[in-house]
Amino acid sequence: MASCTACHGRRGEGDAAAGYPRLQGLSAAYQIKQLEAFADGTRKSEIMAPLARSLAARARAQATDYYAGLKAPAHPTAPASAPRDDRLAVRGRWSQEIPGCVECHGASGSGIGAAFPPLAAQPAAYLTAQLRAWQQGARQGDPLGLMQRIASRLSDEDVRAVSEYFSAIPVGGSAPPAAAAAANTGQAPPPEADAGGIESLGGAGGERVFVPADKPIPDDGFGRMVRLGRDIFDDPGRYAGRYVGNSLRCTSCHLDEGRRVGSAPMWAAYVSYPAYRAKNGHVNTFAERLQGCFSYSMNGRAPPLGDAALVALESYSYWMARGAPLDPGIAGRGYLKLPKPALAADRARGAAVYADKCALCHGRNGEGRSANDGSPGFPALWGPDSYNWGAGMVSVSNAAGFIKANMPFSLGNSLTDQDAWDVALFVDSHERPQDPRYSGTVEETRRRFHDSDNSLYGQRVDGHVLGSNSVPPGRRLRRAASAGG
Ligand code: HEC
Ligand code: HEC
Ligand code: HEC
Ligand code: HEC
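Residues numbered from 1 in each chain as written. Chains lettered and ligands numbered in written order. Predicted model: local features only at pLDDT ≥ 70, side-chain atom pairs only at ≥ 80, totals over all residues. Heavy atoms only, no water.

Draft legend 1. Structural context of helix α19 (residues 396-406). In terms of burial, α19 is largely enclosed, as nine of its 11 residues are buried. Within the span of α19, buried status applies to Val396, Ala399, Ala400, Gly401, Phe402, Ile403, Lys404, Ala405 and Asn406. Contacts made by the buried residues of α19 are with α12 (250-253), α13 (255-258) and α20 (417-427). (Buried < 20%, exposed > 50% of the residue type's maximum accessible area, 1.4 Å probe, protein only. Helix = DSSP H or I, 4+ residues; strand = E, 2+ residues; numbered from the N terminus. Contact = heavy atoms within 4.5 Å.)

In structure tokens, the structure reads:
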């Protein structure tokens, strides 16, 4: 290890002044992959290439295990108190298809699993050098080309801001308390702030779509409710945990905090209620529609009408919708309606797409994965921690439309329609928590609530009748209640 510590530090803390990266706590798999990339030139470094080539397999394993095992004290490489622009790091800039960095690197830059490395406490000079390397093609081999594509969209100013932001977070520390994004703390609006209004999306169709204003949330009684709504939307487990039975977030299926066209944006929903819904056979207010996503998508229970969680979400949606026409036919509402594919959707083909393009984040068994610091990471697509059989995403056409427009994450609209249908069918052909409307038998429940080609509930797949072995809905809530919490 002596040859490594000269640059990477005795405890793998890196060297901020020289721009040598921190290795402490980086997964061994990730480090080995990088050493191989240095050796074969897919990642160019005059310093590391000769070292990586000369390192025998055994020494390589020893060094990487050593650094992976180091759980170190905090080593902030810059004072955490200095004001930092966290807009891009935390919220991204979806108008340019740039998600927040934290979506793949964890809320405090802690990393997610082995493939998504931590960014916290890396020297700013190192982070900048890596983003430049991707822009210039000197670093390749990142899975699905995710970083290459994101880096290519960043300006020099963006690179500076995100590098400073992550370098200031200590190892094992948390994001600065001001992480609620400068854009929304009453400071001057960002230069790219949008006044909002009906805008042309450009593109082939030239469809005109409402764009919500990107204005600071006011610092008053109303603003506090709006902010709470946004916090719930981002992390319902934390801000409305009593009503939530899985580790999904509202923004898991309504991307860009409920703004994004193609994932049922909240501004379009807000102007569309009250409305009659066949799902429950009466006119629903917006608040009742919100309740539905708690019971089914969040596998939880509906907050009572008037509850602060509903008032906050309604305030947040209203704030976003201001200026939009009051029109349930508003362009951009709901999920993409994907035309039926040429070939009937097929599970085996879907499984292959899944293994190639989805398992990296959602896990081989659709189980999802939280960030290394426990904050929300990649949501579960099936199993006990996912949406239940009553949810809208159970409809294969909803799932296909969502996936086509938004997945793989940050690479929306890259799958063919056929792949999107196949993988949607595959995802929705797995067991998940029971439908809360379960009437005693699977056949009866299918007949009453799932009688369509679009739902696999009650269908036999690989010898198993879906729904016949579901865990009860809201299981996690029950566990919390019986633990006295
Ligand atoms: C002379 C200084 C120096 C020495 C000695 C050195 N490294 Fe590095 N290491 C670097 C630099 C600089 C980089 C960043 C390279 C780049 O720009 O991509 C790096 C990058 C790495 C990375 C990638 C980290 C990441 O976050 O992607 C790994 C892994 C690594 N080194 C392991 C080692 C190991 C193991 C040794 C000992 C065998 C070692 N290094 C010795 C300077 C050094
Ligand atoms: C869609 C997921 C995704 C998003 C969003 C994302 N990253 Fe990454 N990032 C990755 C992956 C995967 C890697 C590992 C690449 C590899 O294996 O070589 C990575 C690696 C990196 C690295 C190299 C770290 C190291 O130790 O060498 C940096 C720096 C980085 N990302 C910065 C960013 C910044 C800044 C943002 C936001 C502007 C961002 N990333 C957003 C997926 C993502
Ligand atoms: C698993 C994915 C998923 C999650 C998580 C989720 N939703 Fe939804 N949501 C959907 C789907 C799918 C629809 C459309 C259902 C349909 O077509 O009936 C929808 C519809 C909505 C609508 C109505 C949209 C419209 O235009 O009529 C609102 C409002 C809504 N969700 C709010 C929320 C809130 C608030 C949360 C978090 C508490 C949440 N959703 C969590 C998938 C999800
Ligand atoms: C780079 C990581 C990544 C990849 C690859 C990826 N996803 Fe996702 N997926 C996410 C993230 C992150 C979210 C939540 C979005 C958010 O919070 O902004 C998500 C959300 C979802 C959701 C809605 C939430 C839920 O739990 O049901 C579905 C469905 C989904 N992905 C399916 C897929 C499919 C199918 C593929 C492959 C074609 C795929 N994803 C590839 C990261 C990924």
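Draft legend 2. Fine view of the coordination of the iron atom of ligand 2. His105 (NE2) and Met147 (SD) make up the full set of protein donors to the iron atom of ligand 2, lying at 2.1 to 2.3 Å. What the six donor atoms of the iron atom of ligand 2 show is an angle range of 84 to 179° at the metal, which sorts the shape as octahedral. Separated by 42 residues along the polypeptide, His105 in helix α6 (residues 102-105) and Met147 in helix α8 (residues 146-152) bring together distant segments of the chain. Here the two residues His105 and Met147 agree in accessibility, since each one is buried. (Donors = N, O, S within 2.8 Å, 3.2 Å for Na, K, Ca; no water. Tetrahedral: all angles 85-135°; square planar, octahedral: opposite > 155°, others 65-115°.)

Draft legend 3. Focus on the coordination of the iron atom of ligand 1. Looking at the metal site, the iron atom of ligand 1 is ligated by His8 (NE2) and Met48 (SD), spaced 2.0 to 2.3 Å from it. With six donor atoms in place around the iron atom of ligand 1 and angles of 83 to 178° between them, the coordination shape is octahedral. Residue His8 is found in helix α1 (residues 2-8), and its partner Met48 is found in helix α3 (residues 48-54); the two are separated by 40 residues along the sequence. By the burial criterion, His8 is buried, and Met48 matches it.

Draft legend 4. A look at the side chain of Arg277. With respect to the helices, strands and loops of the structure, Arg277 is situated in strand β3 (residues 275-277). In contact with Arg277, not counting residues within four places along its chain, are His282, Asn284 and Arg289.

Draft legend 5. Broad picture of the nonpolar core. Core analysis: the biggest nonpolar cluster contains 78 residues, and Trp267, Tyr354 and Ile403 have the highest contact counts within it. If near-sequence neighbours (up to four positions away) are discounted, Tyr354 is found in contact with Ala359, His362, Gly363, Arg364, Gly366, Leu381, Trp382, Val423, Phe426 and Val427. Counting 21 residues, the second largest nonpolar core, distinct from the first, contains Leu88, Ala89, Ala120 and Ile169. (Core = buried A, V, L, I, M, F, W, Y, C linked by side-chain atoms within 4.5 Å.)

Draft legend 6. Looking closely at the site of ligand 3. Within the structure, ligand 3 sits among 23 residues, and Cys250, Cys253, His254, Tyr273 and Cys293 are positioned closest to it. In the model, a nitrogen atom of ligand 3 is placed 3.5 Å from a nitrogen or oxygen of the Ser297 side chain. Separating an oxygen atom of ligand 3 from a side-chain N or O atom of Arg333 is a distance of 2.7 Å. Put simply, the parts of the chain that give the shell around ligand 3 at least two residues each are α12, α14 (266-270) and α15 (286-295). The greatest single-element share of the shell around ligand 3, amounting to five residues, is contributed by α15. Per-class residue counts for the shell around ligand 3 are 15 nonpolar, four polar and four charged. The two domains that each donate at least three residues to the shell around ligand 3 are domain 2 (197-321) and domain 3 (347-482). (Near = heavy atom within 4 Å. Polar contact = N/O pair within 3.5 Å; in protein donor to acceptor, adjacent residues only side chain to side chain. Nonpolar A, V, L, I, M, F, W, Y, C, P; charged D, E, K, R; others polar. Domains from an automatic or database assignment.)

Draft legend 7. Layout of the environment of Ser395. Here Ser395 lies in the loop between α18 (359-362) and α19. Residues Ser395 and Ser455, 60 residues apart in the sequence, show an inter-C-alpha distance of 5.3 Å. In this structure Ser395 touches Asp428 and Asn454, once residues within four positions along its chain are discounted.

Draft legend 8. Representation of the environment of Pro339. Structurally, Pro339 is set in the loop between α16 (308-321) and α17 (347-357). Along the backbone, Pro339 and Arg369 are 30 residues apart, and their C-alpha atoms lie at a distance of 32 Å. Ignoring any residue separated from it by four or fewer positions in sequence, one finds Pro339 in contact with Asp417 and Trp421.

Draft legend 9. Spatial organisation of helix α9 (residues 156-167). End to end, α9 covers 17 Å across 12 residues, agreeing with the expected 16 Å (1.5 Å per residue, within 8%). Looking only at α9, the buried set comprises Asp158, Val159, Ala161, Val162, Ser163, Tyr165, Phe166 and Ser167. Residues of α9 that are buried make contact with α5 (87-91), α6 and α7 (124-136). (Expected span 1.5 Å × (residues − 1).)

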